[in-house]
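In case you want the letters, here they are:
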Amino acid sequence: MNQISDQDILRLIRQKSTQDMGYRQLIQRYQQRVYQVIRRMVLIHEDADDLTQNTFIKAFKNIDKFQENSTLFTWLYRIATNETLTFLEKKKKRFFFALDDHQQKLESYLDQPGMPTTEEIEYKLEKALLKLPDKQRLVFHLKYQEELTYEQMAQITQTSVGALKASYHLAVKKIEEFLKNE
């Protein structure tokens, strides 16, 4: 079965009679990938599930503003990362977490069943990632785990390629340092 193109999905969405089918196609194609990016950032399934829903709701409400200057994938990831970073900031403020307390709380979720990584090195990597600032962690996830190019990441985060390279480099150095001391 041939996969429907992004342009076909957009055509379906933009026609009133096929709009629902277009939205179903959009969700079917990108929901799992969007969820995985969010889950790696927030760790908690329920939060990731809510943020994934919020991402698609925001996409549905703003699809008419999508100008096709980027791919649907990039546009959705931009929405997802903005939603996730906003959520993390609000959560820290709402619960008045000191940074270390917030990291310890997130680390406790690594022991929960259903986490995507179970091997020792993956566990240590996840702990190291929690030590990074949210934006650095996001850049690391997009580059290392999602295998995006710096150009794709620049579109998603609306950050320069140079700044992303520097952020990724710093993240890798911090992770290496953490793993050496672990």
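Residues numbered from 1 in each chain as written. Predicted model: local features only at pLDDT ≥ 70, side-chain atom pairs only at ≥ 80, totals over all residues. Heavy atoms only, no water.

Draft legend 1. View of the environment of Ile4. Mapping Ile4 onto the fold places it in the segment before helix H1 (6-14). Taking the relative accessible area as the measure of exposure, Ile4 reaches 23% and is therefore partly exposed. Not counting the four nearest positions on each side in its chain, Ile4 is found in contact with Ile9, Leu12, Gln25 and Arg29. (Helix = DSSP H or I, 4+ residues; strand = E, 2+ residues; numbered from the N terminus. Buried < 20%, exposed > 50% of the residue type's maximum accessible area, 1.4 Å probe, protein only. Contact = heavy atoms within 4.5 Å.)

Draft legend 2. How the structure looks around the confidence of the model for the protein chain. Of the residues in the protein chain, 83% have a pLDDT of 70 or more, and the chain-wide mean is 83. The element-level mean pLDDT for the protein chain is lowest in helix H5 (residues 99-109), coming to 59, with helix H3 (residues 45-62) highest at 93. (pLDDT = per-residue confidence, 0-100.)

Draft legend 3. Local environment of the packing of helix H7 (residues 134-145) against helix H9 (residues 161-181). Direction vectors running N to C along H7 and H9 enclose 95 degrees, while the axes themselves pass 9 Å from each other. Compared by their axis directions, H7 and H9 come out roughly perpendicular. Of H9, the residues touching H7 (which contributes Gln136, Val139, Phe140, Lys143 and Tyr144) are Leu164, Ser167, Tyr168, Leu170, Ala171, Val172, Lys174 and Ile175. The class makeup of the residues in the contact of H7 with H9 is nine nonpolar, two polar and two charged. (Axes fitted to C-alpha atoms, helices over the stretch in contact; angles between N-to-C directions. Parallel < 35°, antiparallel > 145°, perpendicular 65-115°, else oblique. Nonpolar A, V, L, I, M, F, W, Y, C, P; charged D, E, K, R; others polar.)

Draft legend 4. Focus on H1. If you check which residues of H1 are buried, you get Asp6, Ile9, Leu10, Leu12 and Ile13. Buried residues along H1 cover an arc of 160 degrees about the axis, so they all sit on one side. (Arc of directions from axis to C-beta.)

Draft legend 5. The packing of aromatic side chains, seen in detail. One pass over the structure, following the stated rule, counts eight aromatic pairs. Where Phe56 meets Phe60, the ring centres are 6.3 Å apart and the plane angle is 55 degrees; that geometry is what we call tilted. Within this pair, Phe56 and its partner Phe60 are both found in helix H3, separated by four residues, close to a single helical turn. When its relative accessible area of 25% is taken as the criterion, Phe60 is described as partly exposed. (Phe/Tyr/Trp six-rings, centres within 6.5 Å; stacked < 30°, edge-to-face > 60°.)

Draft legend 6. Representation of the environment of Asn54 in the model. With respect to the helices and strands, the residue Asn54 is situated in helix H3. Sequence-wise, Asn54 and Glu83 are 29 residues apart; in three dimensions their C-alpha atoms are separated by 7.6 Å.

Draft legend 7. Fine view of the packing of helix H2 (residues 19-42) against H3. Their axes nearest at 9 Å, the elements H2 and H3 cross at an angle of 140 degrees. The angle between H2 and H3 places the two elements in the oblique class. Of the two elements, H2 crosses H3, and the hand of that crossing is right-handed. Contacts from Tyr23, Leu26, Ile27, Tyr30, Gln31, Val34, Tyr35, Ile38, Arg39 and Val42 of H2 reach H3 at His45, Asp47, Ala48, Asp49, Leu51, Thr52, Thr55, Phe56 and Phe60. Here the contact of H2 with H3 is composed, by residue class, of 12 nonpolar, four polar and three charged. (Left-handed = near helix turned anticlockwise from the far one by under 90°.)

Draft legend 8. Layout of the environment of Arg78. As for its position among the elements, Arg78 is in helix H4 (residues 72-94). For the pair Arg78 and Ala154, spaced 76 residues apart in the sequence, the C-alpha separation amounts to 9.6 Å. If near-sequence neighbours (up to four positions away) are discounted, Arg78 is found in contact with Ser70, Gln155, Ile156 and Gln158.

Draft legend 9. Structural detail: the pattern of salt bridges. By the definition in use, this model includes seven salt bridges. In this structure, the salt-bridge partner of Arg11 is Asp8, at a minimum N-O distance of 2.4 Å. You can see Arg11 and its partner Asp8 sitting in helix H1, three residues apart, about one turn around the helix. For Arg11, a relative accessible area of 48% translates into the label partly exposed. (Salt bridge = Lys/Arg side-chain N within 4 Å of Asp/Glu carboxyl O.)

Draft legend 10. The arrangement of H3 in detail. Helix length check: H3, at 18 residues, gives a terminal C-alpha distance of 26 Å against a target of 26 Å (1.5 Å per residue), a fit within 8%. When H3 is considered as a whole, its buried residues turn out to be Asp47, Ala48, Leu51, Thr52, Thr55, Phe56 and Ala59. For H3, the angular spread of the buried residues around the axis is 165 degrees, confining them to a single face. The outward face of H3, more than 90 degrees from its buried face, is lined by the exposed residues Gln53 and Lys61. (Expected span 1.5 Å × (residues − 1).)

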